[in-house]
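# A look at the structure
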Amino acid sequence: LEDRRRLIAETCHDRGFGNSFECFGTSIWDETLYKAWSEIVTNLIPNIGVLESHLCDFCRVCDADEVVLFERATFLVISHAESHGGGKVTKDVVGVKAKEQHGNGGDMIEQDSKHG
């Protein structure tokens, strides 16, 4: 994997892209693909820093351990704030949702609406 990343970096640099890319090691058998897509979507959001700042304020005001902002249709993690570190809830939810999506053909919206 590291050799592949190095080759991609060299090719991008040779073609004038510089270091403006990031590689993600992913698998369809675990949550790594889901996490990679979450990070890609997050990087596309303008002013993400402002959103993250507001989320941290909200977490602090609510005295919550963790606040997570998900994209509604795909349940991708957009951002999260933690008051004490760890991100245990986020990791657990992402793992469960990735498994649910893989197991039911991706029909998460219908499943979520049945439970709440």
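Computed from a predicted model, the values in this text were never measured in an experiment.

This part covers the pattern of salt bridges. The tally for this structure, following the rule as stated, stands at four salt bridges. Across the pair Glu-10 and Arg-6 runs a salt bridge, and its minimum N-O distance is 3.3 Å. One end of the pair is Glu-10 and the other is Arg-6, both in helix H1 (residues 2-14) and four residues apart, which spans about a single turn. With a relative accessible area of 45%, Arg-6 lands in the partly exposed category. Taken together, the salt bridges that share partners define one network made up of Asp-3, Arg-6 and Glu-10.

A grouping of Ile-28, Trp-29, Leu-33, Trp-37, Ile-40 and Leu-44 is seen on the molecular surface, where their side chains present a nonpolar patch of about 700 Å² in accessible area. Structurally, the position occupied by Ile-40 is in helix H2 (residues 32-44). Relative accessible area serves as the criterion here: at 31%, Ile-40 is assigned to the partly exposed category.

This paragraph deals with unusual backbone geometry. Unusually for a residue other than glycine, Asn-47 sits at a positive phi of about 55°. Looking at where Asn-47 falls in the secondary structure, it is placed in the loop between H2 and helix H3 (48-62). For Asp-63, which is not glycine, the phi dihedral falls at a positive 55°. Tracing the backbone shows Asp-63 in the loop between H3 and strand E1 (66-70).

Here the focus is the pairing of strand E2 (residues 77-82). Pairing between E1 and E2: five bridges, direction antiparallel. Its bridge partner being in E2, Val-67 is matched across the sheet by Ala-81. Following E1, the chain reverses through six residues before pairing antiparallel with E2; Phe-75 in that reversal takes a positive phi of roughly 65°.

Turning our eyes to something else, we now look at the state of the cysteines. Enumeration over the complete set of coordinates arrives at zero disulfides. Of the cysteine sulfurs around Cys-62, a residue in no disulfide, the closest is that of Cys-59, at 7.7 Å.

Once that is clear, we can look at the environment of Ile-48. Residue position: Ile-48 is located in helix H3. Residues Ile-48 and Ile-78 lie 30 residues apart in sequence; the distance between their C-alpha atoms is 9.0 Å. Those residues in contact with Ile-48, other than ones at most four positions away along the chain, are Thr-42 and Ile-78.

Conventions and cut-offs
Residues numbered from 1 in each chain as written. Predicted model: local features only at pLDDT ≥ 70, side-chain atom pairs only at ≥ 80, totals over all residues. Heavy atoms only, no water. Salt bridge = Lys/Arg side-chain N within 4 Å of Asp/Glu carboxyl O. Helix = DSSP H or I, 4+ residues; strand = E, 2+ residues; numbered from the N terminus. Buried < 20%, exposed > 50% of the residue type's maximum accessible area, 1.4 Å probe, protein only. Patch = residues over 30% accessible without salt bridge, like charges linked within 9 Å, V, L, I, M, F, W, Y side chains within 5 Å. Areas by Shrake-Rupley, 256 points an atom, 1.4 Å probe, with all protein chains shown as cover. Pairing = 2+ DSSP bridges. Disulfide = S-S within 2.5 Å. Contact = heavy atoms within 4.5 Å.

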